[in-house]
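Structural characterization, general
Listed here are the chains, written in short residue letters.
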Amino acid sequence: MTLPRSSYRAVVVGGGIIGLYTAYDLARAGAGPILVLERGFLSSGASGRNGGGVRQQWETRGTIRLARESVEAYRRFGRDFGYNLWFRQSGYLFLAESEVELARLRTVHDVVTAEGLPARLLDAGGVAELVPGLAPGAAIGGSYLASDGVLYPFPAVWGVYEAARSLGVDVALGVEALGLRVEGTRVTGLVTSEGAVATTTVVNAAGGWSGEFSRRAGLEVPNVATRHEILATESLKPFLDPMVVRASDGLYFSQTMRGEIVGGRTVGHAPGVGPGVPSSPGFLTGMARALTGLLPRLGSVRVLRAWSGYYDDTPDGFPVIGEDPRLPGFVHANGFGGHGFMLAPAAGRRVARAVLGEPTELDPAVFGPGRFLVARRDAPAERLGLG
Amino acid sequence: MAGDRPARFSYRGRSVRADPGETVLGAIARRGVPVVARSNRYRRPRGPFCGVGQCTGCLVRVNGVPGTRACRHVPLEGDRVEDERGWPSARFDLLGAIDLLFPGGFDSLRGLRRPAFLTPVYQWGVRRLLGVGALPEAAPPARPPVTVIAPKVVVVGGGRSGRAVAQALRTEGLRPLVLERALGPLALEGADGRPATSATFLPRPAGGRFTMLGFTEPDRGVALRTRAVVIATGSYDAGLLFGGNDRPGVLTAEGALSLVGPGRRPPFRRAVVVGGGGRVRDVLDRCGDAVAAVVAPSEIRPEVVRRASELDVPLYPRSLVLRAAGRSGVRRLYLRTRRRGPTFSLACDAVVLAHRRLPHTQLFFQAGARLDWSDARGAYFPVVDDAGATTVPGLYAIGSVAGDAAPGVRPEDLAHALAARRPVGPPRTAASGPVAEIVGYYRELLGERRRGRWMACPCEDVLLREIEEAVAAGYRGVEVTKRYTGLGTGLCQGRYCVPDALLVLSLLEGRPPPAVGYITQRPPVHPMPLASLAELDGALPSEAEA
Ligand SMILES: Cc1cc2nc3c(=O)[nH]c(=O)nc-3n(C[C@H](O)[C@H](O)[C@H](O)COP(=O)(O)OP(=O)(O)OC[C@H]3O[C@@H](n4cnc5c(N)ncnc54)[C@H](O)[C@@H]3O)c2cc1C
């Protein structure tokens, strides 16, 4: 396969949900010819492996705003993109097992409600009502926001992919970005497995492989790929509405439209390489123990399958959006950890603006690539763990 | 202990008797192929299909435990067996009307998007429609802790090859542990055996050691650590695509034979058997008087012709199977002679699929052994040397799962190489021959006009049409097709849909099957209860130590 053109206004590396939304928004803004490079198949990265959780309960206003905007976009997705995401807004429930965690949830709750979202703090009884079969003592309280929810990630990928293509974006599947071409201090092109292309802007939306790609471009970045595992059980009749997250370790589970219990957690920090992502026995047994500890009645329910993917983690847990101050023309759209799907519509718009040199309205201290270059300040607030 | 004596269980308001060792399915399928379950999207009637606990055909609720395979549950006195789906019952389900209301299929990708304010209503309804069994009423009782077993060698599969290799290993002074998925006693000499035990997860070995997870029916976890694994999982009877291929009464040969036994008549009287080889002979030998005809996709082997003529069974070689008609069972099978020949039909009450066997290769994929596509067989087989050694040191294959290059791997050679830790030798040359007949069969079949539902994936009710639409929309490869349509994401883990989908995709995409790819064999390869996984936690060394 050869690339359709030899020169593009911007080349997006990575055909996951972030790269696709970015390309779509660039095309909508009439930016000129856009190319997306995806070395695997469509949805081969984290965007085809995630749990589809979408929440707006965050500890910083900037993230809450991105999440709210994304929730709105996902609600309209069926109309805008023609695919049904089955976006079910039945809430996110964070469980606190101790007073310390409850205090943490309270802090977050204050930020969330200050933004005008009707999050609620629950006591043990309120939690038990939302999670039938929850083991006694599993939670002393929790925090809940009904407009959070769960969606099917795949149709989102198809919808944005098709919309971008119909706006003229070229998506090259099975083509790898190998390295940058730089003249002086500016990006002038990109070398791919199918030859070189000229461009003044390269967007690094390579997900778990973004650190690798930045480093290939000669830029030191703190992104690390972390393996995150997840499992699904056989289908049950609906009994559980919200996505449930244990605040202490980020373990989460929800029940899909099809009735499966889908749940996961990060298993240590096993930095990943390569495209294949194996499951591990330790995850299966550990997750099964944790899940049956929380919901003992699931014991005789069968696990149907397990799989895994890479989180693209940053030291402070926030994504990196914007042009790299060290290399004009190199734009970051990465570091989304376990939350890239829920932020993608809003993040894509900001990345597109960054490419076009328009203001992104993002706090550079939270999202900017430059934040890792200055001496570390204190983390804004402790993060809510979520797989 | 289950199965020592007859047991009575309750089912749909009746009390049913099971003979010693007989499963729930065996007991309820005495007078015909029963409708046991309802399908996922269209609520179509479903009955036993695979007979070996791999499909969705006989899911029932037993004593409050959902998702119990009736074909693998030997009842105890007083067991409570209930339908999972169906209102009022799986047999008569008012929601079965959905199948009639959506004759063109139901588009879950693009459908039910509007009006937006009805979204919660749609979701409420669809969720109730799709959910299978209700949450169990209680937690399973606490059990004593399990310990990791560490035998010198593990043999997966206690069939002919597995037993032979166990014997040969014994001669080499090794005492293997044999895991066998089938229920019932496992007769072995000089080896330890675990019947009713499924190996479910065999990751790539670390530091020369394998960790293997599994469980013993119904839910006891098994964890193994070993340096050598011999896989003798054999093969299974494949599915086939045609209209109404998911109807109760369409069974694999394995499924049909599992319902036949000494002193036990098959649950059909006039079956059409599909196939022309040795597997058809098995069916004729064991229930020939209940076979109305043999229909073969291509030629019929002489020994089958001989046996059929002894039994007075008519033969229809070179036939396309087009459609099984009926409502809650099969009444008639519509066919066409190959190469644009005439269409014809046969009255029948069952269709037995005995046309093609496929290897159980899931564990090789997981362990990282190299598999090669065999054009001659239309399937993947592990690459092995003369002693059955795969490309993963310590992992061996024997029997039909190792391919069909003649002569097969000899148990003595395998045992000797394993005991001597002989390095892996050069790969055997795979059986060559003309491209599998099934490829030409599908090429012709795809050109036929279609009536009835062609279920590309019976577990998830994915229609052949949906696969064609994915390809037409520009999506390529089986991994993407899986994510686009849901194909292969059901309980059978792709066993009954992916092999044929590969061939169909290869034809639609115009590239060879290996280019279409394969789906990752996700653990567990047999769905495994959470409790049996949970009880293994802590028993295994952590990954860092491994
Ligand atoms: C198991 C799991 C569960 C998750 N659950 C959730 C959840 O519930 N909610 C949520 O919001 N998020 C969740 N996430 C995170 C979310 O999936 C990701 O943050 C998001 O999909 C990231 O999208 P992306 O486009 O950045 O990355 P990806 O989807 O990984 O896409 C990056 C793409 O770049 C390609 N690529 C890499 N290098 C190159 C190169 N050099 N050249 C060409 N192409 C390249 C890769 O092949 C890949 O397809 C989960 C993730 C995992 C793994």
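Everything quoted here is computed from the prediction, not taken from an experiment.

Before going further, it helps to examine the overall build of chain B. Check the secondary structure of chain B and you find 15 helices and 30 strands. Relative to its length of 546 residues, chain B is compact, with a C-alpha radius of gyration of 23 Å against a globular reference of 24 Å. Oriented by its inertia axes, the alpha-carbon framework of chain B measures out at about 60 × 55 × 55 Å. Within chain B, the fraction of its 546 residues that count as buried is 60%. For chain B, contacts bridging at least 24 residues in sequence account for 60% of all contacts bridging at least 6. Carbon together with sulfur atoms contributes 54% to the accessible area of chain B, which is approximately 21700 Å² in total.

This brings us to the overall build of chain A. When you go through chain A residue by residue, the secondary structure sums to 10 helices and 20 strands. For chain A, the C-alpha radius of gyration of 21 Å lies close to 21 Å, the compact-globule estimate for 387 residues. For chain A, the spread of C-alpha atoms along the three principal axes comes to 65 × 40 × 40 Å. For chain A, buried positions account for 63% of its 387 residues. Surface exposure of chain A reaches about 13000 Å², of which carbon and sulfur atoms provide 52%. Here chain A contributes 38 positive and 36 negative side-chain charges, whose respective centroids are spaced 3 Å apart.

If you walk through the whole model with that rule in mind, you get 24 aromatic pairs over all chains. Their ring planes at 80° and their centres at 5.4 Å tell us that Y236(B) and Y496(B) sit as a pair that is edge-to-face. With Y236(B) in strand β15 (residues 235-237) and Y496(B) in the loop between α12 (478-485) and α13 (498-509), this residue pair connects regions lying 260 residues apart in the sequence. Of the two residues examined, Y236(B) and Y496(B), each falls in the buried class. Members of the aromatic cluster, each reached through a chain of ring pairs, are Y21(A), Y24(A), Y74(A), F77(A), F81(A), F87(A) and F341(A).

What follows deals with the sheet that holds strand β13 (residues 220-226) of chain B. One open sheet holds the three strands; their spatial order is β11-β12-β13 (chain B), and the pairing between them is antiparallel. Each edge of the open sheet carries a strand with a single partner, namely β11 (197-201) and β13 of chain B. The mean angle between the axes of side-by-side strands here comes to 35°, regardless of whether they run parallel or antiparallel. By the bridge criterion, seven bridges tie strand β12 (residues 210-216) of chain B to β13(B) in an arrangement that is antiparallel. Of the residues in β13(B), the one forming a bridge with T211(B) is R225(B). The strands touched by helix α8 (residues 281-294) of chain A are β11 and β12 of chain B; relative to β12(B), the strand with the most contacts, the crossing angle is about 40°.

Counting residues at the interface gives 55 residues for chain A and 60 residues for chain B. Surface buried jointly by chain A and chain B totals about 5300 Å² across both partners, of which 59% is contributed by carbon and sulfur atoms. Taken together, the links from chain A to chain B amount to six salt bridges. As a salt-bridge pair, E234(A) and R69(B) come within 2.6 Å of each other at their nearest N and O atoms. In this assembly, chain A and chain B are joined by 38 residue pairs in polar contact (both at pLDDT 80 or more).

What follows deals with the packing of helix α11 (residues 464-472) of chain B against α13(B). Helix-helix packing is characterised by the crossing angle of the two axes and by the distance between the axes. Residues and elements named next belong to chain B. The interhelical angle for the contact between α11 and α13, taken along N-to-C directions, is 40°, at an axis separation of 10 Å. Seen from above, α11 lies across α13 with right-handed handedness. Where α11 abuts α13, its residues L464, I467, E468 and V471 lie against V504, L505, L508 and E509. Looking at the contact of α11 with α13 residue by residue, the class counts come to six nonpolar, no polar and two charged.

Tracing the backbone shows T256(A) in the loop between β16 (252-255) and β17 (261-271). By relative accessible area, which is 12% here, T256(A) ends up buried. Residues in contact with T256(A), not counting those within four places in the same chain, are R88(A), Y152(A), V262(A) and R127(B).

Right, let's talk about the domain arrangement of chain B for a bit. Residues and elements named next belong to chain B. Each assigned domain of chain B is listed with its residue range as follows: domain 1 (7-130) and domain 2 (147-236 + 367-410). With seven residues of domain 1 at the interface, the matching set in domain 2 holds seven residues. Here domain 1 is connected to domain 2 by one salt bridge. In this structure, E217 engages R72 in a salt bridge whose closest nitrogen and oxygen atoms are separated by 3.1 Å. Linking domain 1 to domain 2 there are four residue pairs in polar contact (both at pLDDT 80 or more). Looking at the side of domain 1 that touches domain 2, its residues break down into three nonpolar, three polar and one charged.

Residues and elements named next belong to chain B. Tracing the sequence through the fold places R323 in strand β20 (residues 319-325). For the buried R323, no salt bridge exists, and the shortest N-O distance to an oppositely charged side chain is 11 Å, to E448. Excluding anything up to four places from it in sequence, R323 contacts F242, G243, R332, L333, Y334, R451 and G452.

Turning our eyes to something else, we now look at the site of the ligand. Residues and elements named next belong to chain A. Lining the immediate surroundings of the ligand are 38 residues, of which E38, S47, G53, G340 and M342 lie closest. R39 places a polar main-chain atom, nitrogen or oxygen, 3.2 Å from a nitrogen atom of the ligand. For the ligand, a nitrogen atom lies 2.8 Å from a polar atom in the backbone of A177. In the complex, the protein chains occlude 98% of the 1000 Å² of accessible area that the ligand would expose alone. For the shell around the ligand, the elements supplying multiple residues, two or more each, are α1 (17-28), β3 (34-38), β14 (224-233), β18 (302-313) and α9 (340-356). Viewed by domain, the shell around the ligand spans two of them, domain 1 (7-49 + 154-223 + 315-373) and domain 2 (90-148 + 227-311), each represented by three or more residues.

Here we take up the domain arrangement of chain A. All names here are of chain A. Split into domains, chain A comes out as domain 1 (7-49 + 154-223 + 315-373) and domain 2 (90-148 + 227-311). Taking only C-alpha atoms, the centre of domain 1 and the centre of domain 2 are 30 Å apart. On the domain 2 side, the residues contacting the seven residues of domain 1 number 10 residues. Regarding the contact of domain 1 and domain 2, the summed buried area is about 660 Å², with carbon and sulfur atoms giving 58% of it. Our count for the domain 1 to domain 2 interface comes out at zero salt bridges. In this assembly, domain 1 and domain 2 are joined by two residue pairs in polar contact (both at pLDDT 80 or more). Classifying every residue of the side of domain 1 that touches domain 2 by side-chain character gives three nonpolar, three polar and one charged.

An order of β1-β12-β11-β10 (chain A) is seen for the four strands of this open sheet, with the pairing classed as mixed. The open sheet has two edge strands, β1 (7-8) and β10 (177-183) of chain A, and neither has a second partner.

All names here are of chain B. Relative to strand β26 (residues 379-382), strand β25 (residues 371-374) runs antiparallel, the two being bridged by four bridges. Paired with S374 across the strands is A379, a residue of β26. The hairpin turn running from β25 into β26, its antiparallel successor, is four residues long, and G378 in that turn takes a positive phi close to 65°.

Averaged over all residues, the pLDDT of chain B equals 94, while 98% of them reach at least 70. Reported confidence for the predicted complex is 0.95 by ipTM and 0.96 by pTM.

Thresholds, definitions, all that
- Positions within a chain are numbered from 1, following the residues in the order the chain's sequence is written.
- By the order in which they are written, chains take letters starting at A while ligands take numbers starting at 1.
- This being a predicted model, a pLDDT of at least 70 is required before a residue's local features are given, and a value of 80 or more before pairs of side-chain atoms are given or counted; all residues contribute to the totals for chains, interfaces and linings.
- Only hydrogens and water are removed before side-chain values are computed, so all heavy atoms of the structure are retained for them.
- What counts as a helix is a DSSP run of H or I of at least four residues, what counts as a strand is a run of E of at least two, and both are numbered from the N terminus.
- Atoms counted for the radius of gyration: C-alpha only. Globule rule: 2.2 Å times the number of residues to the power 0.38.
- Categorising residues by exposure relies on relative accessible area from a 1.4 Å probe, with only protein chains included: less than 20% of the type maximum marks a residue as buried, more than 50% marks it as exposed, and the intermediate range marks it as partly exposed.
- Contact criterion: two residues are considered in contact whenever any of their non-hydrogen atoms come within 4.5 Å of each other.
- Methods summary: accessible areas were calculated by the Shrake-Rupley approach with a probe of 1.4 Å, and residue burial reflects only the protein chains presented.
- Charged residues are defined narrowly, with Lys and Arg counted positive, Asp and Glu counted negative, and His plus the chain ends left uncounted.
- Charged side chains are reduced to one point each, which is NZ for Lys, CZ for Arg, CG for Asp and CD for Glu.
- We call Phe, Tyr and Trp rings a pair once their centres come within 6.5 Å, taking the six-membered ring for Trp, and we label the pair stacked below 30 degrees between planes, edge-to-face above 60, and tilted otherwise.
- A pair of strands is considered paired only if DSSP assigns at least 2 bridges between the two.
- Lines fitted to C-alpha atoms define the axes, with helix axes restricted to the stretch in contact, and inter-axis angles between N-to-C directions lie between 0 and 180 degrees.
- Defined here as a combined quantity, buried area equals the accessible surface (1.4 Å probe) lost by two parts on assembly, summed across both.
- In what follows, salt bridge is the name for a side-chain nitrogen of Lys or Arg lying within 4 Å of a carboxyl oxygen of Asp or Glu.
- Distance and chemistry together define a polar contact, namely a pair of N or O atoms within 3.5 Å, with one atom able to donate a hydrogen and the other to accept it when in protein, and with adjacent residues in sequence counting only for side-chain atoms on both sides.
- Each crossing gets its hand from how the near helix is turned against the far one by less than a right angle, where anticlockwise is left-handed and clockwise is right-handed.
- Residue classes follow a fixed rule: Ala, Val, Leu, Ile, Met, Phe, Trp, Tyr, Cys and Pro count as nonpolar, while Asp, Glu, Lys and Arg count as charged, and any other residue, Gly among them, counts as polar.
- The start and end points of each domain follow an automatic or database-based domain assignment.
- Nearness is defined per residue: one heavy atom within 4 Å of the molecule or strand is enough.
- For every residue, the predictor reports its confidence as pLDDT, a number between 0 and 100.

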